[in-house]
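Structural overview for review
If you want the building blocks of each chain, they are given just below.
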Amino acid sequence: MSQYLFYILSLLTAFSAMMVVFSRKPVYSVLYMIFCFFTIAGHYILLNAQFLAAVHVIVYSGAIMVLFLYVIMMLNLNKESEPHKSNIAKTAAVVSGGLLLMVLVSVFKSADGLAINPAFDSQIGMVEVLGMVLYEKYLLPFEVSALLFLTAMIGATMLGKKEGGAQS
Amino acid sequence: MNILIAITAVGVLAMLSEILNFRRFLYPISLFVMLVALALTGMEWSHGVRYFNDMLYMDNYAVVFTGIMVVTTLLWFMMNENFLNGNPRQADFTAIISFALGGAMVMAGFSDLIMLFLGVEILSISMYVLAASNKSEPRSNEAGFKYFLMGAFASGFLLFGIALVYGATGSFNLREISEFVSENNTDMSAIFYGGVLMIAAGLAFKVAAAPFHFWAPDVYEGSPTPFTAFMSTVVKTAAFAAFLRLFSTCFSEVSTWWSPVLAIMSALSMLVGSIMALRQTSLKRLLAWSGVANAGYMLMAVVSLNEYSDTALVLYAAAYSIASIGIFTLVSNMTNAGNEEISSLHGFSKVNRFPALVITVLMFSIAGIPPLAGFFGKYAIFAGALKDGFVWLAVVAVLSSAISVFYYLKVVVAMFQPAGREAVQLEFNPGQSLVLGLVLVLVVVLGLVPALITTLI
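Residues numbered from 1 in each chain as written. Chains lettered and ligands numbered in written order. Predicted model: local features only at pLDDT ≥ 70, side-chain atom pairs only at ≥ 80, totals over all residues.

The next point concerns the overall build of chain B. The secondary structure content of chain B amounts to 20 helices and two strands. Taken over the C-alpha trace, chain B has a radius of gyration of 21 Å; the compact-globule value for 457 residues is 23 Å, and the two agree within 12%. In terms of principal-axis extent, the alpha carbons of chain B reach across some 70 × 55 × 40 Å. The buried share among the 457 residues of chain B stands at 62%. (Helix = DSSP H or I, 4+ residues; strand = E, 2+ residues; numbered from the N terminus. Rg over C-alpha atoms; globule rule 2.2 N^0.38 Å. Buried ≥ 20, exposed ≤ 12 C-beta atoms within 10 Å, placed from the backbone.)

Pasting the structure below:
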C-alpha cells in the first residue's frame, strides 16, 4: 500500500517540479511549486515524520509561497516576456545540467552497501524525540541559527528602510 | 566559545546603540570588544576544547584562523573609521559585520557538518546584504542580487552534498565520518563520492575558484568598497579554513579520488585569474581577478594534502588578508574620490609618500617577492604541491605567479609616474595611516620570521 503511495507521490512530485520549470506563466509555476511542496510533505508523512511534514506545509506551502505569489502579482510579472538567452548559454546550461544528471543518476544507481539500520526507531520523527535531540545534542546549532536569522532580519530591515539623509 | 559570544556581543551592542542612543560610542566600543575577542582567541590556544557535544572544536587550527580573521576585522574597523562614524546605518553595518565574523569563526572551528552549513550561511547572507547596501547605486543592487541568486544556488549544492555524505556515512560529525571512511575506504558507497563532489562545488563557489568564479568580478566591483575589502579577506580566509578542515579531516583517505578534480580547478583559477587581471584598468576589478588567482593558489594547499598543508594555508591566508586590507585602504580612498582607474594613481607617490611605500611593499608581498610574507606563503604552498607529486600544478602556479608580478607592478609603476591630468588627490586619515603602518610591520615581520604564525598550529 505505502509502496504504491510512494510511487504515486513521487510521480506527482517529479511532474509538478518539471511543470514549475516548463510553465510559461510565473503564477502557474508558483502554483505548481506549492503542489510540489505538498507532495514532498506527503513523502515526509510516509517516512513517519509528521512534525517535519507540518512545518513544511506551514512554512513553505504557506508562508513562502504566499510571499512569492504576492511579489509576482505586485511586480506584475505574469507576462510571457521572458527574454531569450543566447544559444551559447542554453547549450552550456544543457551540457552542464546533463552532466550533473548523469553523475547523480549513476551515483544513485550504484548506491548499494547503504546498510538500512534494522533497529530503526519508528518514533524518530515525532515532536518529542525531535525536541530532545534539538535541545540536547544540537543545542549549539540551534542557538547559532538564531544568529543567522538575526543577521537576515537586520539585513532585511536595512535594505527595506528608507534612507534618511544618508551619506552612503 | 567565549570568542563567539564576544564577537556577537558587538552586534547586539550595535543594535542596542540604536535603541539606547549611544551611537557615538559604538565605534570605540566595537574596536574594544574586537580586541577582547582577540585576547580570548589567544586564551583559547592549545586547549583544544570540544564544545557542546563536539559541535565546535577549537583546536589550534581553528584558533589561528580565528585569530587571523579577528585581526583582519580589527584592521577593517580601523580602516573604515570615516565610513562608519556618522553613517546613519553605522549600527546595521557594525552588527552585520560582527555577525559575519561570528559565522566565519564557526566555519574555522566547526566539527559538525550542520555547523559548517550554518557558518557558511551566516557569512553569505551578511555578504549578500552588504553587497547591496548602497541602494542608490544600481551596480551595488546588481552585485547583491547576483551574489544572492548564485550564492543560494551554491548553498543548495553544499546542502545536497552534506545530505549525501550523511546518507553514506550516517553521521554529521567530522570525527565519526572520518572513522567511517577510514574503516570502509575501499568500498565506500557511490553516494559518498557524489556528496564530496557537491560539497567541493559548493565551497569552490564560496571561495570564487574557477569555474565557479563568474560572480566574483561583478560582485567585487559593484559592492561598496569597504565590503569588498571584507569579502576578499575574511570571507575568503574563512571559506578556505572550512575547505581544508573538512577535506583534511574527513576525506583525506579518499584523496586520490578528488584531488585531480580540485587540481584542475586550482590550475584553472590561477590561469583565468591572472590572465583576466592583466586586462583590467580598474584597480578594484583587478583585485577581484587577482582574488580568483589567489583562490587557485590556496586551493593547491587543499589539493596537496600533507602534514604541511595547514601551516602553508595559514601563512598564505594571513599574508593575503593583511596585504589585501592594506591595498583596499587605498581603493576605498579612490572610491571616495570617485575614480577607481589605475591611471588615476599617477603622481600618487609625490603627495602620499608613506602610503605609496606601503602599497608598493604590499604589492611585492602579494606578488611573492622575497623576503616578504607573501613569498613564504607561496613557497610553502608550492613546495607542498611538489612534495605530493603535483609537478604540473606547481609549474602552472609558478607561471601564473610570474604573470601576476606583471599586473601587480603595473599598479606600483602607476603610483610612481608623474602626475597627469586626471590625477586625483587622495587623503589618508590617521586611522588608515595606522592600518598601513601595522600592515607594513606585519608583512615584513611575517616575512622575516614566518615561524611566528606557523608554529602556532
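For the rest of this paragraph, the subject is the overall build of chain A. A tally of helices and strands in chain A yields six helices and zero strands. Starting at the N terminus, the α and β elements of chain A follow one another as α-α-α-α-α-α. Classification of the 168 residues of chain A by burial places 12% in the buried group. For chain A, contacts bridging at least 24 residues in sequence account for 57% of all contacts bridging at least 6. (Contact = placed C-beta atoms within 7 Å.)

Next up on the list: the interface of chain B and chain A. Frequently, the measure chosen for interface size is the accessible area removed from exposure when the parts meet. Across the boundary between the two partners, chain B contributes 37 residues, which contact 30 residues of chain A. Elements with a contribution of two residues or more to the side of chain B that touches chain A: helix 5 (90-109), helix 6 (113-131), helix 7 (138-169) and helix 9 (190-207) of chain B. With eight residues, the top contributor of residues to the side of chain B that touches chain A is helix 6 of chain B. Its residues placed into classes, the side of chain B that touches chain A shows 21 nonpolar, 11 polar and five charged. (Nonpolar A, V, L, I, M, F, W, Y, C, P; charged D, E, K, R; others polar.)

Residues and elements named next belong to chain B. Scored by pLDDT, chain B comes out at a mean of 92, with 99% of its residues at no less than 70. Considering each helix and strand of chain B separately, the mean pLDDT is smallest for helix 15 (residues 348-351), with a value of 84, and largest for helix 6, with 96. In the predicted assembly, ipTM is 0.91 and pTM is 0.93. (pLDDT = per-residue confidence, 0-100.)

Ranked by size, the top nonpolar core spans 193 residues in total, and within it B:M107, B:A238, B:A242, B:Y316 and B:V443 carry the most contacts. Considering every element that reaches this core, the biggest residue donor is helix 14 (residues 309-337) of chain B, with 17 residues. Excluding anything up to four places from it in sequence, B:A242 contacts B:M107, B:A108, B:F110, B:L116, B:G119 and B:L203. Of all hydrophobic cores here, the second largest spans eight residues; its members include A:M33, A:I34, A:F37 and A:A41. (Core = buried A, V, L, I, M, F, W, Y, C linked by C-beta atoms within 7 Å.)

This part is about helix 3 (residues 60-79) of chain B. Compared with the 28 Å implied by 1.5 Å per residue over 20 residues, the 28 Å span of helix 3 of chain B between its first and last C-alpha is a close match. Of all 20 residues that make up helix 3 of chain B, 18 are buried, and the element is covered over most of its length. (Expected span 1.5 Å × (residues − 1).)

This brings us to the domain arrangement of chain A. For chain A, the domain assignment lists domain 1 (1-79) and domain 2 (126-161). Summarising the inter-unit geometry, the C-alpha centres of domain 1 of chain A and domain 2 of chain A are found 24 Å apart. (Domains from an automatic or database assignment.)

Residues and elements named next belong to chain B. Checked against the element boundaries, W289 lands in helix 13 (residues 283-303). A tally of 25 C-beta atoms within 10 Å means that W289 is categorised as buried. W289 sits 118 residues away from Y407 along the chain, and the two C-alpha atoms are 11 Å apart.

We now examine helix 3 (residues 50-74) of chain A. With 25 residues, helix 3 of chain A extends 34 Å from end C-alpha to end C-alpha; this agrees with the ideal 36 Å at 1.5 Å per step. Phi turns positive one or two residues past the end of helix 3 of chain A, at A:N76, with a value near 55°.

Of all residues in chain A, 88% have pLDDT values of 70 or greater, and the mean over the chain is 85. Across chain A, helix 6 (residues 139-160) of chain A holds the top mean pLDDT of 94, while helix 3 of chain A sits lowest at 87.

In this section: the packing of helix 1 (residues 2-20) of chain B against helix 2 (residues 26-44) of chain B. Residue and element names in this part refer to chain B. Running from N to C, helix 1 and helix 2 point in directions that differ by 170°, and their axes come no closer than 8 Å. Looking at the two axes, helix 1 sits roughly antiparallel to helix 2. On helix 2, the residues that touch N2, I3, A6, I7, A9, V10, L13, A14 and S17 of helix 1 are L26, I29, S30, V33, M34, V36, A37, L40, T41 and E44. Here the residues of the contact of helix 1 with helix 2 are counted per class, giving 14 nonpolar, four polar and one charged. (Axes fitted to C-alpha atoms, helices over the stretch in contact; angles between N-to-C directions. Parallel < 35°, antiparallel > 145°, perpendicular 65-115°, else oblique.)

Our focus in this paragraph is unusual backbone geometry. Residue and element names in this part refer to chain B. Cis geometry is found at the peptide bond from A210 to P211, where omega equals 0°. With respect to the helices and strands, the residue P211 is situated in the loop between helix 9 and helix 10 (216-222). With an omega dihedral of 5°, the bond running from P370 to P371 counts as a cis peptide bond. Within the element layout of this structure, P371 appears in the loop between helix 16 (353-367) and helix 17 (373-387). Non-glycine residue S46 carries a positive phi angle of around 65°. Given 10 C-beta atoms within 10 Å, S46 falls into the exposed group. Phi is positive for D54, close to 60°, though the residue is something other than glycine. By the secondary structure assignment, D54 is in the loop between strand 1 (49-51) and strand 2 (56-58). Judged by the 16 C-beta atoms lying within 10 Å of it, D54 falls in the partly exposed class.

Let's shift gears to the environment of B:F52. Mapped onto the secondary structure, B:F52 falls in the loop between strand 1 and strand 2. According to the C-beta neighbour criterion, B:F52 is partly exposed, with 19 such atoms within 10 Å. Each C-alpha atom of the pair B:F52 and B:M1 lies 9.6 Å from the other, and the pair is 51 residues apart in sequence. Apart from residues lying up to four places away in sequence, B:F52 is in contact with A:L139 and A:L140.

The next thing to look at is the packing of helix 3 of chain B against helix 11 (residues 225-249) of chain B. All names here are of chain B. One can describe the packing of helix 3 onto helix 11 by two numbers: an axis separation of 10 Å at closest approach and a directional angle of 175°. Comparing their axes, helix 11 and helix 3 come out roughly antiparallel. Contact with helix 3, carried on its side by Y61, F65, I68, M69, T72, T73 and W76, involves A229, F230, T233, V234, T237, A238, A241 and R245 of helix 11 and no other residues of that element. Here the contact of helix 3 with helix 11 is built from residues that sort into 10 nonpolar, four polar and one charged.

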